[in-house]
Amino acid sequence: MANQRSQIVMSEDEIDTFLTQQRSATIATMGPAGQAHLVAMWYAWFDGHLWIETKAKSQKVVNLRRDGRMSFLVEAGHTYDQLRGVSLEGTGVVVEDPEVVWKVCVDIFERYNAPYTEELRPFVELMAKNRVVVRLDADRVRSWDHRKLGMDPITLGGSTAAFLE
């Protein structure tokens, strides 16, 4: 199995491309009783870091101020032969600097909406109001891309297949 694992690991460039192209992620912080607090998030990916923007008083920020441990997961692919993903684990750093908050908010706005223009400033200002950003300083990166296995294509099936786009 270790040999197969080494076959599917993504290179740094592949990880960068994958995270640049994907849209939704799952973020985990540690809740007050030690349970994982999982949330789906949109994100920014630049300067080798994952970034999220969130309300300053959100549960994930409260969790990170108490315990900085944070994990991030993005996966894609609907059949085993197409599965790929990246998991990052490390420390979530809450950043309140207005210039950094603005930069991350503009990046996320562009990533999910449209290129930023001054006419769109009010939308990004609303997005940044009462917000902080979190930068994930990753200590561990795991990746997989089953397409590298060269498997024969698997037909999409099962009870959920009819619901996929």
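Details of the structure are given in the entry above.
Throughout, a residue's number is its position along its own chain's written sequence, starting from 1. Restriction of local features to residues with pLDDT of at least 70 applies here, the model being predicted, together with a cutoff of 80 or more for giving and counting side-chain atom pairs; totals for whole chains, interfaces and linings are based on all residues. Values reported for side chains reflect all heavy atoms of the structure, with hydrogen atoms and water molecules removed beforehand.

Peer 1: Can you tell me about the overall build of the chain, naming the residues and giving the values?
Peer 2: We count a stretch as a helix when DSSP gives it H or I for four or more residues in a row; a strand needs E for two or more, and each element gets its number in order from the N terminus. What the chain contains, in helices and strands, is 5 helices and 7 strands. Going residue by residue from the N terminus, the α and β elements of the chain occur as α-α-β-β-β-β-α-β-β-α-α-β. For this analysis, residues touch if any pair of their heavy atoms sits within 4.5 Å. Long-range contacts, defined here as pairs at least 24 residues apart, represent 71% of the contacts in the chain between residues at least 6 apart. Residue-level accessible areas treat just the shown protein chains as cover; the underlying method is Shrake-Rupley with a 1.4 Å probe. For the chain, the exposed surface amounts to about 9,900 Å²; the carbon and sulfur share of it is 52%.

Peer 1: Lay out unusual backbone geometry with the relevant residues and their values.
Peer 2: Most peptide bonds take the trans configuration, and most residues that are not glycine carry a negative phi. One non-glycine residue, Asp47, lies in positive phi territory at about 55°. Examined against the element boundaries, Asp47 turns out to sit in the loop between strand S3 (44-46) and strand S4 (49-55). Backbone geometry places Asn130, a non-glycine residue, at a positive phi of 60°. If you trace the backbone, Asn130 turns up in the loop between helix H5 (121-128) and strand S7 (131-145).

Peer 1: Describe the packing of aromatic side chains, naming the residues involved and giving the relevant values.
Peer 2: Any aromatic ring pair is given by two values, namely how distant the centres are and how the planes are angled relative to each other. For this analysis, a ring pair means two rings from Phe, Tyr or Trp (six-membered ring only for Trp) whose centres lie within 6.5 Å, classed as stacked if their planes differ by under 30 degrees, edge-to-face if by over 60, and tilted for the remaining angles. The tally for this structure, following the rule as stated, stands at 4 aromatic pairs. Residues Tyr43 and Phe72 carry aromatic rings whose centres are separated by 5.2 Å and whose planes lie at 80° to one another, so their mutual orientation is edge-to-face. With Tyr43 in the loop between strand S2 (36-42) and S3 and Phe72 in strand S5 (residues 69-76), this residue pair connects regions lying 29 residues apart in the sequence. In terms of burial, Tyr43 and Phe72 fall into one category: buried. Its guanidinium or amino end placed over the ring of Trp42, Arg23 lies 5.8 Å from that ring's centre, counting from NZ or CZ. In this scheme, a residue with accessible area under 20% of its type's maximum is buried, one over 50% is exposed, and one in between is partly exposed, where area comes from a 1.4 Å probe on protein chains only. Here, over-ring charges are defined by two tests on the NZ atom of lysine or the CZ atom of arginine: distance to the ring centre within 6 Å, and angle to the ring normal within 35 degrees.

Peer 1: Before we move on, can you summarise the environment of Gly92 with the specific residues and values?
Peer 2: Structurally, Gly92 is set in strand S6 (residues 84-95). Put simply, Gly92 and Trp42 are 50 residues apart on the chain and 15 Å apart in space, counted from C-alpha to C-alpha.

Peer 1: An account of the pairing of S4 is requested, with residue identities and associated values reported.
Peer 2: Among the 7 residues that make up S4, 5 are buried, leaving the element largely enclosed by the rest of the structure. Strand direction decides the pairing type here: S4 and S7, joined by 6 bridges, are antiparallel. Paired with Leu50 across the strands is Leu136, a residue of S7. One bridge is not enough; two strands pair if DSSP finds at least two bridges between them.

Peer 1: For H5, give the residues involved together with the corresponding values.
Peer 2: Because an α-helix packs 3.6 residues into every turn, residues spaced three or four apart end up facing the same way. Taken together, the buried positions of H5 are Val124, Met127 and Ala128. The buried residues of H5 occupy an angular sector of 95° when the element is viewed end-on, so they sit on one face. Among the structural elements, S4, helix H4 (98-112) and S7 are those in contact with the buried residues of H5. Directly beyond the C-terminal end of H5, a positive phi value near 60° is found at Asn130. The arc in question is formed by the directions pointing from the helix axis toward the C-beta atoms.

Peer 1: An account of the sheet that holds S7 is needed here, citing residue identities and associated values.
Peer 2: The antiparallel open sheet is built from 7 strands, whose spatial order is S2-S1-S5-S6-S7-S4-S3. Looking at strand neighbours, the two that pair on one side only are S2 and S3, the edges of this open sheet. Between one strand axis and the next, the sheet turns by 30° as a mean value, whatever way the strands run. The pairing of S6 with S7 spans 12 bridges and is antiparallel. Bridging across to S7, Leu88 finds its partner in Val141. Note on method: axes are straight lines fitted to C-alpha atoms, helices fitted across the in-contact stretch only, with angles between N-to-C directions ranging 0 to 180 degrees.

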